[in-house]
Amino acid sequence: MATIVPFGPQHPVLPEPLHLKLVLEDEIVKEALPTLGYVHRGLETLASIRDMDQMVQIVERVCGICSCIHAHTYCMCIEGLMGIEVPQRADFLRVIWSELHRMHSHLLWLGLLADAFGMESMFMHAWRIRERVMDVMEATAGNRVIISVNKIGGVRRDMSPEQLRWVLQVVDELETELDKIKAVLTNDYSVKKRTVGVGVLTYQQAYELGAAGPQLRGSGVAQDMRMTGYGAYKYIDFAPVVEKDGDSWARTMVRFRELYQSIDIVRQLIAKIPDGEIAAKVKGKPTGEIVCRSEQPRGELMYYVRATGDKYLDRVRIRTPTFANVPPLLAMLPGCEMADVPIIALSIDPCISCTER
Amino acid sequence: MAFETMNLVKGQLSSEVLALKNKGYRFVTMTCVDLGDSFDLLYHFDLDLKLTHLRLNVAKADRVVPSISGIYFAALVIENETQDHFGITFDGLALDFGGHFYLEEEVKKFPFCKFTVNKAESAGEGA
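Novice: It is not clear to me how the overall build of chain A should be interpreted in this structure. Could you clarify?
Specialist: Regarding its fold elements, chain A presents twelve helices and eight strands. Relative to a compact globule of 357 residues, whose C-alpha radius of gyration would be 21 Å, chain A shows 20 Å and is just as compact. The principal-axis extent of the C-alpha atoms belonging to chain A is close to 65 × 45 × 30 Å. Within chain A, buried positions represent 55% of all 357 residues. For chain A, the share of sequence-separated contacts (at least 6 apart) that also reach a separation of at least 24 residues comes to 70%.

Structure (structure tokens):
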């Protein structure tokens, strides 16, 4: 006989409210149905009452964890519509801050996952290491989370040569710290017991269900929006991190390996960053419609902007990665045990603020 | 980047979407734009990091559109969201929240429409 058990919206492992209605037979999940709407703010409609410059601050607040990348992608849209050529140095700085965001997001997620399967020490180590990234953001941008460095045409702040050298020192320290927890994460019996073979998403499912980011790459699909070469990504050597098993372990490994990848990208960027201006002058109002994509820590982010030359934009549409990862989550859950639901839900690194906007 | 779209009429939507799926395209999302007396529905698909866009113009007087969730299950999320925000009905939606995906029952208007109507008034009438 089937039993329906509610999972969330308030649950110890969920930092944000997500409700799943789980249809169980004994301890096995047969079906999962989502309920959303607990943090829906309708931010896209603010485009009709806030001008294009104010919208930079609005889109940063879609999600705190990847605020920099939201603003970057939105600015790329407006710059594309207006034909603004962003100074090369600004492109490099944007991507340095974006990769710092990726690192702090992945470390935040790693701590939450470890907490979910009861590994308190890993939770504390991951968040302790994350604090070093937050220190860099505070020192270089003045804020820890919503750093507000992007503006249309470039960035608001520069980094001095001393700051760039210090960032290199910090990423060296981060690499050493990651090496210390790597052995525990990759070899621990409990971690593998809770994640290997749990919440499997096949290559075919990931592609057909429109999965994004580590969910897609954890199932063997080598797709990463950074491969399109937006911003300063076109100047660096880069290959997407891919795992083939499609389970919670594979998604964990993709994110953990991406931490090292971000460190490498930051080093490359700092080695190549050119001198020069950090912002172009912006005149006039945008006209036309455009789509821009970028890679958030959680996956592909897409912005659609339509403008008619008025003070306000006609439409801003934001498709966030967790929005795309809801259908894959519904496919991962059937067949799993009830006790594995928190791990599987966290393995997609859900961001409900992003999803509902 | 600025993009080109393939313009469709309702009857072509399902077959064109199915054709893209058979060619290996991944469904990215859909965008609904309120143009005043009609909506533009833009369907975005990806193949090898390149986007392809379909555009379907829907008159506000006839807000019923075939759902593509039978072809791409992933479309059910954005189709339900669009029902909430714009009052467009998707016929054959795989999992239909009836306009209450995000919004509570007490919400009586379509909040993303420039000129909105009460939900009770909207059935069978233009916006």
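Having seen the model, we can carry on.
Novice: I'm lost on the packing of helix 4 (residues 120–141) of chain A against helix 5 (residues 161–187) of chain A in this one. Help?
Specialist: Residue and element names in this part refer to chain A. Relative to each other, helix 4 and helix 5 sit at 170°, their axes nearing to 11 Å. In terms of axis orientation, helix 4 runs roughly antiparallel to helix 5. Seen from helix 4, the contacting residues are Met-122, His-125, Ile-129, Arg-132, Val-136, Ala-139 and Thr-140; seen from helix 5, they are Gln-163, Val-167, Val-170, Glu-173, Leu-174, Glu-177, Leu-178, Ile-181, Val-184 and Leu-185. Among the residues making up the contact of helix 4 with helix 5, the classes are represented as eleven nonpolar, three polar and three charged.

Novice: When you look at the interface of chain A and chain B in this model, what are you seeing that I'm missing?
Specialist: One frequent convention defines the size of an interface as the accessible area lost when the parts assemble. On the side of chain B, 22 residues touch chain A, which itself brings 27 residues to the contact. At the level of secondary structure, the elements contributing two or more residues to the side of chain A that touches chain B comprise strand 6 (287–296), strand 7 (299–308), strand 8 (315–319) and helix 10 (321–332) of chain A. Of the residues contributing to the side of chain A that touches chain B, the split by class is 13 nonpolar, nine polar and five charged.

Novice: What exactly am I supposed to notice about the confidence of the model for chain A here?
Specialist: A low pLDDT score tells you not to read the predicted coordinates there in detail. Mean pLDDT over chain A works out to 91, with 100% of the residues at or above the 70 mark. Looking at the elements of chain A, mean pLDDT is at its lowest for helix 12 (residues 352–356) of chain A, recorded as 82, and at its highest for helix 9 (residues 248–272) of chain A, recorded as 95.

Novice: Any chance you could explain the nonpolar core here in plain terms?
Specialist: Proteins that are soluble and globular tend to have nonpolar side chains buried together. Formed by 144 residues in total, the largest nonpolar core has its most connected members in Tyr74(A), Cys77(A), Ile78(A), Val305(A) and Leu333(A). The element contributing the most residues to this core is helix 3 (residues 88–116) of chain A, with 13 residues. Val305(A) has contacts with Cys77(A), Ile78(A), Leu81(A), Glu289(A), Ile290(A), Leu313(A) and Val316(A), leaving out every residue within four places of it along the chain. Judged by nonpolar contacts, the second largest core, of five residues, contains Leu36(A), Phe97(B), Phe101(B) and Leu103(B).

Novice: Honestly, the packing of helix 3 of chain A against helix 4 of chain A in this entry has me stumped. Any pointers?
Specialist: Residue and element names in this part refer to chain A. Viewed as axis vectors pointing N to C, helix 3 and helix 4 meet at an angle of 160°, and their least axial separation amounts to 8 Å. With respect to helix 4, the axis of helix 3 lies roughly antiparallel. Helix 4 is crossed by helix 3, and the crossing has left-handed handedness. In contact with Trp-97, Leu-100, Met-103, His-104, Leu-107, Leu-108, Leu-110, Gly-111, Ala-114 and Asp-115 of helix 3, helix 4 contributes Glu-120, Met-122, Phe-123, Ala-126, Trp-127, Ile-129, Arg-130, Val-133, Met-134, Val-136, Met-137 and Ala-141. A per-class count over the contact of helix 3 with helix 4 returns 17 nonpolar, two polar and three charged.

Each value, and the rule that gives it
Position labels on residues start from 1 in each chain and follow its written sequence. As they are written, the chains are lettered A onward and the ligands numbered 1 onward, keeping that order. Whole-chain, interface and lining totals are the exception, using all residues; otherwise, since this is a predicted model, local features are given only for residues with pLDDT of at least 70 and side-chain atom pairs are given and counted only at 80 or more. Secondary structure is summarised from DSSP: a helix means a run of H or I of at least four residues, a strand means a run of E of at least two, and numbering begins at the N terminus for each. Restricting the calculation to C-alpha atoms gives the radius of gyration, and the globule rule supplies 2.2 Å times the number of residues raised to the power 0.38. Backbone-placed C-beta atoms define the burial measure: a residue is buried with 20 or more other C-beta atoms within 10 Å of its own, exposed with 12 or fewer, and partly exposed in between. A residue pair is marked as a contact if its C-beta atoms, positioned from the backbone, fall within 7 Å. What counts as an axis is a line fitted to C-alpha atoms, over the stretch in contact for a helix, and the angles between N-to-C directions run from 0 to 180 degrees. Geometric relationships in this document are graded by angle, where less than 35 degrees denotes roughly parallel, more than 145 denotes roughly antiparallel, 65 to 115 denotes roughly perpendicular, and other angles denote oblique. Each residue gets one label: Ala, Val, Leu, Ile, Met, Phe, Trp, Tyr, Cys and Pro are nonpolar, Asp, Glu, Lys and Arg are charged, and the others, such as Gly, are polar. For every residue, the predictor reports its confidence as pLDDT, a number between 0 and 100. Core membership is restricted to buried Ala, Val, Leu, Ile, Met, Phe, Trp, Tyr and Cys residues, and these are joined into a nonpolar core through C-beta atoms within 7 Å. Each crossing gets its handedness from the near helix: less than a right angle anticlockwise from the far helix is left-handed, clockwise is right-handed.

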